[in-house]
Amino acid sequence: MTWFNKQSRLVQIILLLIPVVNWVVEIIVRWSTWFKRGGVVRLIICIVVTFLGIIVGWVDAIWCLLFKRLLLQ
């Protein structure tokens, strides 16, 4: 999560727009956040991202563009 947040907005958006790359980035960022902070909501999001990561990645790209962070971060 720290690595992703250190990237410029443009790099974050590009990473979240590329179909397979966004799924990998989502899985790494979401699961590392859950391991670090825990929580039931984060766990549910991690499970959803594992199976629907490409769709969530595109939603996160738009969310990141508008609000400069991932959805439900």
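The text that follows walks through the structure, step by step, so that each part is easy to find. Treat the numbers as computed from the prediction; the structure is a model and nothing was measured.

**Examining helix H2 (residues 9-17)**
Thought 1: Turning to H2, its buried residues are Gln-12, Ile-13, Leu-15 and Leu-16. The buried residues of H2 occupy one face: seen down the axis, they fall within an arc of 160°.
Thought 2: Residues of H2 that are buried sit in contact with helix H1 (2-6), helix H3 (19-37) and helix H4 (40-67).

**Some thoughts on the packing of aromatic side chains**
Thought 1: The full count for this structure, using the stated rule, is four aromatic pairs.
Thought 2: Measuring from centroid to centroid gives 5.8 Å for Trp-31 and Trp-34, while their planes differ by 85°, and the two rings are edge-to-face. Of the two residues, Trp-31 and Trp-34 are both situated in helix H3; the distance of three residues between them amounts to about one turn of the helix.
Thought 3: We classify Trp-31 as partly exposed; its relative accessible area is 23%.
Thought 4: Summarising the aromatic geometry, the rings of Trp-63 and Phe-67 are spaced 4.5 Å apart at their centres and angled 45° between planes, so their arrangement reads as tilted.

**A closer look at the side chain of Asn-22**
Thought 1: Residue position: Asn-22 is located in helix H3.
Thought 2: Of the residues examined, Asn-22 reaches a relative accessible area of 0% and is grouped as buried.
Thought 3: Other than its neighbours up to four places away in sequence, Asn-22 contacts Leu-15, Leu-16, Leu-17, Gly-53, Ile-54, Gly-57 and Trp-58.

Thresholds applied
- Residues numbered from 1 in each chain as written.
- Predicted model: local features only at pLDDT ≥ 70, side-chain atom pairs only at ≥ 80, totals over all residues.
- Heavy atoms only, no water.
- Buried < 20%, exposed > 50% of the residue type's maximum accessible area, 1.4 Å probe, protein only.
- Helix = DSSP H or I, 4+ residues; strand = E, 2+ residues; numbered from the N terminus.
- Arc of directions from axis to C-beta.
- Contact = heavy atoms within 4.5 Å.
- Phe/Tyr/Trp six-rings, centres within 6.5 Å; stacked < 30°, edge-to-face > 60°.

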